[in-house]
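Take a look at the letters that make up each chain.
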Amino acid sequence: MGSWYFSSFRISRNNRRISLVMGKFQSTKVFDGFSCCFRQWRANTTHCQYLHGYGVSFKIWFEGELDHRNWVWDFGGMKRATETIDGMSPKEWMDHMFDHTVIIANDDPELAKFVKLNRVGAIQLRQVAAVGAESFAKFIYDKINPFIEKETEGRVKIAKVQFLEHAKNTAIYAPTN
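Numbers given for residues are sequential positions, taken from 1 along each chain in its written order. Reporting of local features is limited, given that this is a predicted model, to residues whose pLDDT is at least 70; pairs of side-chain atoms are given and counted only at 80 or more, and all residues count toward the totals for whole chains, interfaces and linings. Only hydrogens and water are removed before side-chain values are computed, so all heavy atoms of the structure are retained for them.

### Looking at the pattern of salt bridges
Move 1: Basic side-chain nitrogens of Lys or Arg form a salt bridge, by our definition, when they fall within 4 Å of a carboxyl oxygen of Asp or Glu. Counted under the stated rule, the structure contains twelve salt bridges.
Move 2: Residues aspartate 95 and lysine 91 are paired through a salt bridge, measuring 2.9 Å at the closest nitrogen-oxygen approach. Placement of both aspartate 95 and lysine 91 in helix H2 (residues 90-98) is noted, with a separation of four residues, approximately one turn of the helix.
Move 3: Here's how the labels work: a residue is buried when its accessible area is under 20% of the maximum for its type, exposed when over 50%, partly exposed in between, all with a 1.4 Å probe on protein chains only. Lysine 91 gets classed as partly exposed once you look at its relative accessible area, which sits at 42%.
Move 4: Look at the salt bridges and you will find they share partners, linking Asp67, Arg69, Asp74 and Arg80 into a network. What counts as a helix is a DSSP run of H or I of at least four residues, what counts as a strand is a run of E of at least two, and both are numbered from the N terminus.

### Re the sheet that holds strand E8 (residues 156-166)
Move 1: Across the sheet, six strands lie side by side as E7-E6-E4-E5-E8-E9; this open sheet has mixed pairing. Of all the strands in the sheet, just strand E7 (125-128) and strand E9 (169-173) have a single pairing partner and so form its edges. Neighbouring strand axes in the sheet, compared pairwise and without regard to direction, differ in orientation by 35° on average.
Move 2: Pairing analysis gives four bridges linking strand E6 (residues 101-105) to E7, with the strands arranged parallel. Counted as the bridge partner of alanine 105 is valine 128 from E7.
Move 3: Against the sheet, helix H3 (residues 111-119) contacts E6 and E7, and its axis sits at roughly 145° relative to E7. Think of it this way: DSSP has to see at least two bridges between two strands before they count as a pair. Here, axes are lines fitted to C-alpha atoms. For helices the fit covers the stretch in contact, and angles between N-to-C directions go from 0 to 180 degrees. A contact between two residues is defined here by any heavy atoms of the two lying within 4.5 Å.

### Here's the deal with the confidence of the model for the chain
Move 1: On a range of 0 to 100, pLDDT expresses the predictor's confidence in each residue. Scored by pLDDT, the chain comes out at a mean of 89, with 88% of its residues at no less than 70.
Move 2: Throughout residues 1-12 the model reports pLDDT below 50, and contacts reaching past four residues in sequence, or to other chains, amount to 27 contacts.
Move 3: Confidence over residues 16-21 falls short of pLDDT 50; this stretch has nine contacts with residues more than four positions distant or in other chains.

### Focus on the nonpolar core
Move 1: We define the nonpolar core as a collection of buried residues of types Ala, Val, Leu, Ile, Met, Phe, Trp, Tyr and Cys that are connected through side-chain atoms lying within 4.5 Å of one another. One finds Phe98 and Ile144 to be the most contacted residues of the largest nonpolar core, which totals 35 residues.
Move 2: Breaking this core down by element, the ones donating at least two residues are strand E4 (26-38), strand E5 (52-64), H2, E6, helix H4 (133-151) and E8.
Move 3: If one sorts the elements of this core by residue count, H4 sits on top with eight residues.

### Here we look at the packing of aromatic side chains
Move 1: The pairing test for Phe, Tyr and Trp rings, Trp by its six-membered ring, is centres within 6.5 Å, and the orientation test on the planes gives stacked under 30 degrees, edge-to-face over 60, and tilted for anything in between. One pass over the structure, following the stated rule, counts 14 aromatic pairs.
Move 2: Between the aromatic rings of phenylalanine 38 and tyrosine 54, the centroid separation amounts to 5.8 Å while the plane-to-plane angle is 40°, which identifies the pairing as tilted. Linking phenylalanine 38 in strand E4 with tyrosine 54 in strand E5, this pair joins segments that are 16 residues apart in sequence.
Move 3: Relative accessible area serves as the criterion here: at 0%, phenylalanine 38 is assigned to the buried category.
Move 4: Between phenylalanine 98 and phenylalanine 163 the ring centres are 6.2 Å apart and the planes differ by 45°, which places this aromatic pair in the tilted class. Of this pair, phenylalanine 98 sits in helix H2 while phenylalanine 163 sits in strand E8, and the two are 65 residues apart along the sequence. Exposure class is identical for phenylalanine 98 and phenylalanine 163. Each is buried.
Move 5: Cluster of aromatic residues (ring-pair linked, three or more members): Phe31, Phe34, Phe38, Tyr54, Phe58, Trp93, Phe98, Phe136, Phe139 and Phe163.
Move 6: Two thresholds decide whether a charge sits over a ring: the Lys NZ or Arg CZ must be within 6 Å of the ring centre and within 35 degrees of the ring normal. Seen from the ring of phenylalanine 31, lysine 29 lies directly overhead, with NZ or CZ sitting 5.9 Å from the centre.

### Section: the side chain of arginine 39
Move 1: Structurally, arginine 39 is set in the loop between E4 and E5.
Move 2: For arginine 39, a relative accessible area of 14% translates into the label buried.
Move 3: Within polar-contact distance, the side chain of arginine 39 engages the backbone oxygen of glutamine 49 at 2.9 Å. In the analysis that follows, any N or O atom pair within 3.5 Å is treated as a polar contact, provided that within protein one partner can donate a hydrogen and the other can accept it, and provided that, for residues neighboring in sequence, both atoms belong to side chains.

Right, dumping it as structure tokens:
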């Protein structure tokens, strides 16, 4: 019998490669310190229809092959990234979207009033397709995953995103692929 040589994902035996099915490598990173407010105008039978704010955070699960340092994702990688999200560094994008902002749905019937407040400098308005923890988790996934895949040349993807309004209210988005 030939010798077995182990690496992260393959076993080599007698100069032939045999692929193995192994577990996944994942790492997580929490991004916090964001203060924003929003309203869920469609929740017209609850207090969530009113403008309200949170100190939000989100947790991202990175999944992929290990790099030359044996890391899935460099936790400081958002600061050193070469790729951008909407023309901004990842950190700038996160601050732009969630730090001291008012987030309103594109179809909010009061949107014009928020646009006016933004125009006079009373708020920093951010418009999105849908508002709420579940929608924010998917929104973050949709923005961060293409960035991560490009930044790592396809080696890493986002497995899921958890959006936290606070410790008691969270929502998770995970793609079905």
